[in-house]
Amino acid sequence: ITPGDVSHIWVAIPGAGVDFFDIRSGKSVHVRPVRDAGDPASMGDIRLAGGNGEQVWAAFAHAGVYRIYRESARMYRMPLPLDRRQEHMAVYRDLILDRKGRIWIATDGDGLIMRDMRSDDVVRITHHPFISSSLPSAALSRLFHDRAGNLWVGTNGKGVSFHSPAQKNFRTLT
């Protein structure tokens, strides 16, 4: 569940998809996937981010990252910097939208993907075994932005990494 606006919330329902719920009326609208989205029952866990009254971002574990629009009740897949084979095999674990309009996506094996929604730039950040300031693993689980704008990245068994906006590298706490 993530907030929409004052009277709405977005609700992720594993195995069913995403609904936009009107708190005042008690009515909900089920979001329909576009043709390439696949069957919501096979999409796996769902994480929501950046909700407002008009749209929300959703990461479906086994189906990719989508922008969902309330008005049309449709969702559209966001292309990512993975080759076509990798994109269909990737597992998306979490996503967040930061104050600068960038969406951060944690994957299980393909590292961290950042897309700047203003410039449309996309960066893929992954583990480099000989660089101590890189992510400690490409298998990521959760993301968190604190009030200072720092990015915290949870890994699968390799600790938590910390990225400050003032720095270009990661520091890992184990």
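The structure under discussion appears in the preceding block.
Residues numbered from 1 in each chain as written. Predicted model: local features only at pLDDT ≥ 70, side-chain atom pairs only at ≥ 80, totals over all residues. Heavy atoms only, no water.

A word on unusual backbone geometry
Despite not being glycine, Ala73 has its phi angle at roughly 55 degrees, a positive value. Within the fold, Ala73 resides in the loop between strand 8 (64-69) and strand 9 (74-77). We classify Ala73 as buried; its relative accessible area is 6%. Of note in the backbone geometry, Asp120 takes a positive phi value of approximately 70 degrees without being a glycine. Residue placement: Asp120 occurs in the loop between strand 12 (112-116) and strand 13 (122-125). (Helix = DSSP H or I, 4+ residues; strand = E, 2+ residues; numbered from the N terminus. Buried < 20%, exposed > 50% of the residue type's maximum accessible area, 1.4 Å probe, protein only.)

Considerations on the environment of His128
Mapped onto the elements of the fold, His128 is located in the loop between strand 13 and strand 14 (140-145). Along the chain, His128 and Ala138 lie 10 residues apart, while their C-alpha atoms are 8.8 Å from each other. When neighbours within four sequence positions are excluded, His128 is seen to be in contact with Ser134 and Leu135. (Contact = heavy atoms within 4.5 Å.)

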